[in-house]
Amino acid sequence: MTSEKPKKILIVGGGTAGWMAANLMASRWEDIDVCLLESTEIGIIGVGEGSTPHLKFFFDSIGVSESEWMPRCNATYKNGISFANWSSVPGHESYFHPFPAQTDDFTVPTFFSNAKARIQGNNVNAHPDNYFLETYLTKKNLGPIAAESFPFQIFYGYHFDATLVGQFLAEKAVGRGVKRIFGTVTEVVLGAKGEITAVRLNDDSFLEADFFIDCSGFKSLLLQDALKVTFNSFKENLFNNAAVVMPSAISEIIPPETKSTTLSNGWAWKIPLVNRYGNGYVYSGDYITPDQAETELRQHLGLLESDVAARHLQMKVGRAEKHWEKNCLAIGLSQGFIEPLEATALALSYETITGFIKHYENGFYTNKFAEIFNNEINAKFDGVRDYIVCHYKANQRKDTNYWKDNAVNPKVSDSLNKILYLWRTSQNFANDMRIHNLEGSYQAKSWACLLAGYGVLPPLESSATNAGYTSPHDLDQLADFIRRCGLNFKNHNDLLN
Ligand SMILES: Cc1cc2nc3c(=O)[nH]c(=O)nc-3n(C[C@H](O)[C@H](O)[C@H](O)COP(=O)(O)OP(=O)(O)OC[C@H]3O[C@@H](n4cnc5c(N)ncnc54)[C@H](O)[C@@H]3O)c2cc1C
């Protein structure tokens with residue numbers, strides 16, 4: 001097969017997705033002309049301030065150190081997310097979802113074993129907060145960077161100012177030779193085979209390219225608008241379609257976690273940066289008005305009397321049927337968005353860019369592997385969707401129709417139903433998740449954290465004991481192992497200083 005390597009790639013959109021793509025593509029393909037077009041009239045969405053470990057993979061792959069980017073972007077470390085008030089099961093009012101760590105290999109078998117025993121009716125403590133190093137670090141306000149002699153790897157994410165990250169990445173990309181162009185697309189020009197040949201700008205000039213990257217945000221100007229790729233909405237099982245956001249003052253102790261707390265018709269995030277908290281209430285406009293949501297968020301933050309400005313945003317939740325169509329790839333909000341409960345959007349963007357680069361190169365810069373790629377990305381989106389939907393299915397709040405409707409909503413995917421079935425019945429949950437190929441986006445331990453965290457467990461008989469069950473490790477031994485591991489980590493504030 002002959003190579004059809006493009007001479008010029010045009011990225012439309014200069015949000016985080018566009019600049020991530022520009023950096024990765026320019027550092028990979030030095031012989032391709034990479035240009036990025038952004039509109040000063042339209043601007044970026046400017047939210048999205050929590051990440052998964054994928055953001056570290058991204059910065060590592062473009063050779064940027066934490067000491068370079070973190071201070072520029074007011075960034076902090078993130079060990080995971082705590083979920084508060086999602087469950088009313090006594091003892092399960094909150095739980096922490098940690099990122100993976102190699103120490104899990106020593107603690108997670110006991111977690112699975114105890115959870116299984118608890119499901120079978122033994123009186124055993126199966127709350128996930130007892131089993132993970134990063135949960136301990138967070139309780140003690142320790143950051144995720146270990147002493148050099150610590151032999152286990154820890155994965156972690158960040159919190160950051162989205163606008164500053166965009167500016168930082170733009171500088172980096174321009175330094176790598178990316179051409180930055182300002183202008184607003186007014187028309188997408190198609191060729192005889194339905195491929196994109198150029199975009200027309202508001203000054204009536206045209207920008208031509210061989211390949212186009214759609215990073216135009218929710219509008220999806222190229223993929224969905226011009227190429228008519230269908231958008232599959234997730235509205236039937238993810239009700240939220242709006243958010244209101246506002247900052248608040250940062251505390252003296254900067255916690256290394258995102259906090260997610262349920263409110264009457266959705267949930268609120270609290271993301272610590274060096275200089276402020278970013279807060280947002282993600283809610284469904286079918287149950288509450290924007291004004292009501294803003295008042296409730298202000299109340300929640302103790303800002304009812306404050307004149308701090310709020311921003312209101314709409315969200316389009318779902319994904320495109322294909323992400324790579326003809327000579328166009330969509331990345332970021334233009335390809336789809338699953339609400340921000342687990343802060344997965346940048347991770348999906350990163351996986352889209354790296355997956356595309358791999359398949360595009362392997363296919364000698366043709367569309368040979370586009371279908372495989374599209375199926376892979378769809379599976380990632382659907383896996384994340386299942387995990388987020390499970391939060392709502394597992395919620396135990398009964399005080400509003402929103403929460404009751406979420407809990408009884410029958411529109412659940414076959415894969416999520418299968419996972420819930422395995423949780424209740426499987427003798428070896430982790431193994432069966434693997435056998436049924438259900439671990440694509442989240443590992444079994446994350447699923448077990450969620451389900452045990454919310455107390456999705458049969459009620460305990462008053463006579464229940466743990467007689468006859470032997471745990472692989474005593475919980476006190478485990479706690480001691482985790483505590484001793486914790487001695488290798490620094491206070492989060494000190495780490496940031
Ligand atoms: C409420 C909310 C919370 C979120 N929280 C998180 C989170 O915690 N973690 C996470 O990873 N993600 C989160 N996200 C998602 C995250 O914000 C986005 O994935 C990320 O910012 C990337 O956005 P983008 O680059 O795709 O789009 P945008 O930032 O919207 O950028 C679009 C770009 O396209 C350009 N453009 C648009 N139209 C035209 C035109 N006609 N001509 C030229 N240029 C044009 C704009 O100028 C802009 O540069 C959240 C999203 C929302 C809505």
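One can find the structure itself at the top, above this paragraph.
Along each chain, numbering runs from 1 in the same order as the chain's sequence is written. Where totals are concerned, whole chains, interfaces and linings use all residues; where local detail is concerned, this predicted model gives features only for residues with pLDDT of at least 70, and gives and counts side-chain atom pairs only at 80 or more. No hydrogens and no water enter the side-chain calculation; it runs on all heavy atoms of the structure.

1. Things to note about the pattern of salt bridges
What makes a salt bridge here is a side-chain nitrogen of Lys or Arg within 4 Å of a carboxyl oxygen of Asp or Glu, nothing more. Here the structure, examined in full by the defined rule, presents 23 salt bridges. Residues E49 and R276 are paired through a salt bridge, measuring 3.0 Å at the closest nitrogen-oxygen approach. Of this pair, E49 sits in the loop between β2 (33-38) and α2 (54-61) while R276 is found in the loop between β16 (266-272) and β17 (277-283), placing the two residues 227 residues apart along the sequence. The burial state of E49 is the same as that of R276; both residues are buried. Where helices and strands are cited, they refer to DSSP runs of H or I of at least four residues and of E of at least two residues respectively, numbered from the N terminus. Burial classes: relative accessible area under 20% of the type maximum marks a residue as buried, over 50% as exposed, and values in between as partly exposed (1.4 Å probe, protein chains only).

2. Considerations on the packing of helix α4 (residues 104-119) against helix α12 (residues 414-425)
Note on geometry: axes are C-alpha line fits, over the in-contact stretch for helices, and angles between N-to-C directions span 0 to 180 degrees. Packing of α4 against α12 brings their axes to within 8 Å, and their N-to-C directions diverge by 80 degrees. Comparing the axis directions of α4 and α12 gives the class roughly perpendicular. Contact with α4, carried on its side by A115, K116 and I119, involves W423, R424 and T425 of α12 and no other residues of that element. In the scheme used here, Gly and all other residues not listed as nonpolar or charged are polar, with Ala, Val, Leu, Ile, Met, Phe, Trp, Tyr, Cys and Pro taken as nonpolar and Asp, Glu, Lys and Arg as charged. When grouped by side-chain class, the residues that make up the contact of α4 with α12 number 3 nonpolar, 1 polar and 2 charged. Angle categories: roughly parallel below 35 degrees, roughly antiparallel above 145, roughly perpendicular from 65 to 115, and oblique for all the rest. Residue contacts follow a heavy-atom distance rule, with two residues in contact if any of their heavy atoms lie within 4.5 Å.

3. Re the site of the ligand
Being near a molecule or strand, for a residue, means having at least one of its heavy atoms within 4 Å of it. In the vicinity of the ligand, 32 residues are found, and the nearest of them are G14, V47, G50, V185 and L333. A distance of 3.4 Å separates an oxygen atom of the ligand from a polar backbone atom of T16. Think of a polar contact as two N or O atoms within 3.5 Å of one another; within protein, one of them needs to be a possible hydrogen donor and the other a possible acceptor, and neighboring residues in sequence only count if both atoms come from side chains. Contacts to the ligand include L346, whose backbone N or O atom sits 3.0 Å from an oxygen atom. Reported accessibility uses the Shrake-Rupley method at a 1.4 Å probe radius. Residues are deemed covered only where the shown protein chains occlude them. Protein contacts shield 96% of the accessible area of the ligand, which totals 1000 Å² for the unbound molecule. Secondary structure elements with two or more residues in the shell around the ligand: α1 (16-28) and α9 (345-362). Split by residue class, the shell around the ligand holds 17 nonpolar, 13 polar and 2 charged.

4. Re the layout of surface pockets
Estimates place the volume of the second largest pocket at around 680 Å³. Cavities and pockets were defined on a 1 Å grid built over protein atoms only: a cavity is a set of grid points that admits a 1.4 Å probe from which the probe cannot escape, a pocket is an open set flanked by protein on both sides within 12 Å along at least five of seven lines, and lining residues are those with an atom within 4 Å of any such point. Every residue lining the second largest pocket is counted, 30 residues in all, and those nearest its centre are H54, P100, S441, Y442 and Q443. Of all the elements in the fold, those that place two or more residues in the lining of the second largest pocket are α2, β5 (94-98), α4, α9, α10 (370-394) and α14 (444-453). In terms of residue class, the lining of the second largest pocket is made up of 14 nonpolar, 9 polar and 7 charged. Grid points are joined across faces, edges and corners, and a volume is the space filled by probe spheres set on the points.

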